[in-house]
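Examination of the molecular architecture
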Amino acid sequence: MRFQNNPLFINTVLLGGSPEEKATAAALAGFSQLELWRQDVEAAGGTAQDMARFLQEHKLSLTDYQVLLDFDGAPDGEREEKRQLALEMLDTAVTLGAGTLLTPASTHKACIAEREEEDIRWLAQEAGKRGLRVAFEAMAWSTHINTTAAAWQLVQRVNEPNLGLVVDAFHIFVRNRTIADLHGIPMEKIFLVQLSDLATLPSADRVVDVARHQRLLPGLGNFPLYTLLDYLEAEGYDGPLGLEVFNDKIHQQAPADAAREAMHALKRCCARASIMQPE
């Protein structure tokens, strides 16, 4: 299988049950990493330290701790609150043993473009003081930075060694963009790659709803995922590769069943590019 040396992860958003049940299911299915949400930590049956011990017992590491929303370019009335939340999440990431905090480009309608670079630099520097990385993600509906290419431009301007990118197949292909957005990005600056799929592209007014409820496991839709995987393989990407799939139906399954189904889809997707190429 291609990418057999890459850490394989699953975002807990796909799985139902308690945080502990999600982690157990992921481990049993063969995942070595989790993307863990702040809501998971809050819903767990103990402290962040307890969750860290639970993950260690199940031989799971964290791809990242997420998600710091609408941080960059926050307007005056919200900026200080966002910075306080950021500091809290960074400290929790340290407690959990997560090496990376994930923040997507702001979707706030009042996002101040002129502040985005300054805010992300501040976040990266605060993360650096704690030995952490920051993974920055362009979402399809982010207010200003809504392509991977635009996110890379900001990362270059900030120029902090612990700042890198999330490459999310959904946010690339749902905008009908291509892997050209990745050209020129060093592989070490891609901190993780998230896969999902869709059968048909939604209308612009439905993108957010589809993203949060109807993504498919990779290989079950028509995204040209093989172009992304072929590119990553050719460029020698060796970082975390996994699934961020918001899907209401799968979420209702028993977590062990959902995790097994997810791992099967991920391995099939990674096995050979020809499996996913159109005839």
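Here the residue index of a chain counts from 1 through its sequence in written order. Per-residue local features of the predicted model are confined to residues with pLDDT of at least 70, and side-chain atom pairs are confined, for both listing and counting, to 80 or more; whole-chain, interface and lining totals are unaffected and use all residues. With hydrogens and water stripped out, all remaining heavy atoms of the structure feed into the side-chain values.

A few points about the overall build of the chain
Only runs of H or I of at least four residues qualify as helices and only runs of E of at least two qualify as strands under DSSP, and these elements are numbered from the N terminus. Counting secondary structure elements, the chain contains 12 helices and 8 strands. Within these notes, the globule rule equals 2.2 Å times the number of residues to the 0.38 power, and the radius of gyration is based on C-alpha atoms. Whereas a compact globule of 279 residues would reach a radius of gyration of roughly 19 Å, the chain reaches 18 Å, a difference of no more than 12%. Across its three principal directions, the C-alpha atoms of the chain cover 50 × 45 × 35 Å. The cut-offs for exposure are 20% and 50% of the maximum accessible area for each residue type, with area from a 1.4 Å probe on protein chains only; residues under the lower value are buried, those over the upper are exposed, and the others partly exposed. Evaluated residue by residue, the chain yields a buried proportion of 56% over its 279 residues. Summing over all exposed atoms, the chain offers an accessible surface of approximately 12000 Å²; the carbon and sulfur share of this is 47%. Using the Shrake-Rupley algorithm and a 1.4 Å probe, accessible areas are obtained, with residue cover drawn only from the displayed protein chains.

Re the packing of helix 3 (residues 48-57) against helix 4 (residues 76-96)
Helix axes are fitted to C-alpha atoms over the stretch in contact, other axes to C-alpha atoms as well, and angles between N-to-C directions run from 0 to 180 degrees. Their axes nearest at 8 Å, the elements helix 3 and helix 4 cross at an angle of 40°. Taken together, helix 3 and helix 4 sit at an angle that is classed as oblique. In this structure, the crossing between helix 3 and helix 4 has a hand that is right-handed. Residue-level inspection shows Ala48, Gln49, Met51 and Ala52 of helix 3 in contact with helix 4, the latter providing Thr92, Thr95 and Leu96. Every angle not falling under 35 degrees, over 145, or within 65 to 115 is termed oblique; those three ranges are roughly parallel, roughly antiparallel and roughly perpendicular. By definition, any crossing whose near helix is turned counterclockwise from its far helix by less than a right angle is left-handed, and any crossing with a clockwise turn is right-handed. In what follows, a contact means two residues having at least one pair of non-hydrogen atoms within 4.5 Å.

Observations concerning the pattern of salt bridges
Note on definitions: salt bridges are taken to be side-chain nitrogens of Lys or Arg within 4 Å of carboxyl oxygens of Asp or Glu. Following the criterion strictly, the structure yields 19 salt bridges and no others. Among the salt bridges present, the one from arginine 79 reaches glutamate 118, with a minimum N-O distance of 3.3 Å. Here arginine 79, found in helix 4, pairs with glutamate 118, found in helix 5 (residues 113-129); they are 39 residues apart in sequence, far enough to count as distant. In this structure, arginine 83 and aspartate 119 form a salt bridge, with 3.0 Å as the shortest nitrogen-oxygen distance. Placement of the pair is arginine 83 in helix 4 and aspartate 119 in helix 5, with a sequence separation of 36 residues. A single network of salt bridges, built from pairs that share partners, joins Arg79, Arg83, Glu118 and Asp119.

Concerning unusual backbone geometry
With an omega of 0°, the peptide bond between glutamine 66 and valine 67 qualifies as cis. In this fold, valine 67 is placed in the loop between strand 3 (61-66) and helix 4. A positive phi is found at asparagine 159, a non-glycine position, where the angle reads about 60°. Within the element layout of this structure, asparagine 159 appears in the loop between helix 6 (148-158) and strand 6 (163-168).

Things to note about the environment of glutamate 137
Secondary-structure assignment places glutamate 137 in strand 5 (residues 133-137). Spatially, the C-alpha atoms of glutamate 137 and threonine 103 are 6.3 Å apart, while their sequence positions differ by 34 residues. Once you skip the residues sitting within four places of it in the chain, glutamate 137 turns out to touch Leu102, Thr103, Pro104, Ala105, Val166, Asp168, His171, Gln194 and Glu244.

Observations regarding the packing of aromatic side chains
Planes of paired rings set the category: under 30 degrees apart is stacked, over 60 is edge-to-face and the rest tilted, where pairs are Phe, Tyr or Trp rings (Trp by its six-membered ring) whose centres lie within 6.5 Å. Under the criterion given, the structure shown has 4 aromatic pairs. Between the aromatic rings of phenylalanine 170 and phenylalanine 223, the centroid separation amounts to 6.2 Å while the plane-to-plane angle is 70°, which identifies the pairing as edge-to-face. With a gap of 53 residues between them, phenylalanine 170 in helix 7 (residues 169-173) and phenylalanine 223 in the loop between helix 8 (207-213) and helix 9 (225-235) connect regions that are remote in the sequence. Here phenylalanine 170 matches phenylalanine 223 in class, with each residue buried. The rings of Phe170, Phe173 and Phe223 are connected pair by pair, giving a single aromatic cluster. Distance and angle both matter: a charge sits over a ring if NZ of Lys or CZ of Arg is within 6 Å of the ring centre and within 35 degrees of the ring normal. Arginine 133 extends its terminal NZ or CZ atom over the ring of phenylalanine 191, reaching a point 3.7 Å from the ring centre.

Brief notes about the pairing of strand 2 (residues 33-37)
Within strand 2, 5 of the 5 residues are buried, which leaves it mostly tucked inside the rest of the structure. Residues Gln33, Glu35 and Trp37 of strand 2 are buried on one face, and the alternating residues Leu34 and Leu36, pointing to the opposite face, are buried as well. When strand 1 (residues 8-11) meets strand 2, the two strands line up parallel, connected through 3 bridges. Across the sheet, residue isoleucine 10 finds its bridge partner in strand 2, namely leucine 34. The definition of a right-handed crossover adopted here requires that, viewed with the strands pointing away, the path from the first strand over the helix to the second runs clockwise. Once you follow strand 1 into helix 1 (residues 19-29) and on to strand 2, the crossover reads as right-handed. Of the pairings in the sheet, the one linking strand 2 to strand 3 comprises 5 bridges and is parallel in character. The residue bridging glutamine 33 from the neighbouring strand is serine 61, located in strand 3. At least two bridges found by DSSP between two strands are what make those strands a pair.

Observations regarding the pairing of strand 4 (residues 100-104)
Among the 5 residues of strand 4, 5 are classified as buried, and the element is accordingly described as predominantly covered. As paired strands, strand 4 and strand 5 are joined by 5 bridges and run parallel to one another. Paired with threonine 100 across the two strands is arginine 133, which belongs to strand 5. Note that the unit made of strand 4, helix 5 and strand 5 has a crossover that is right-handed.

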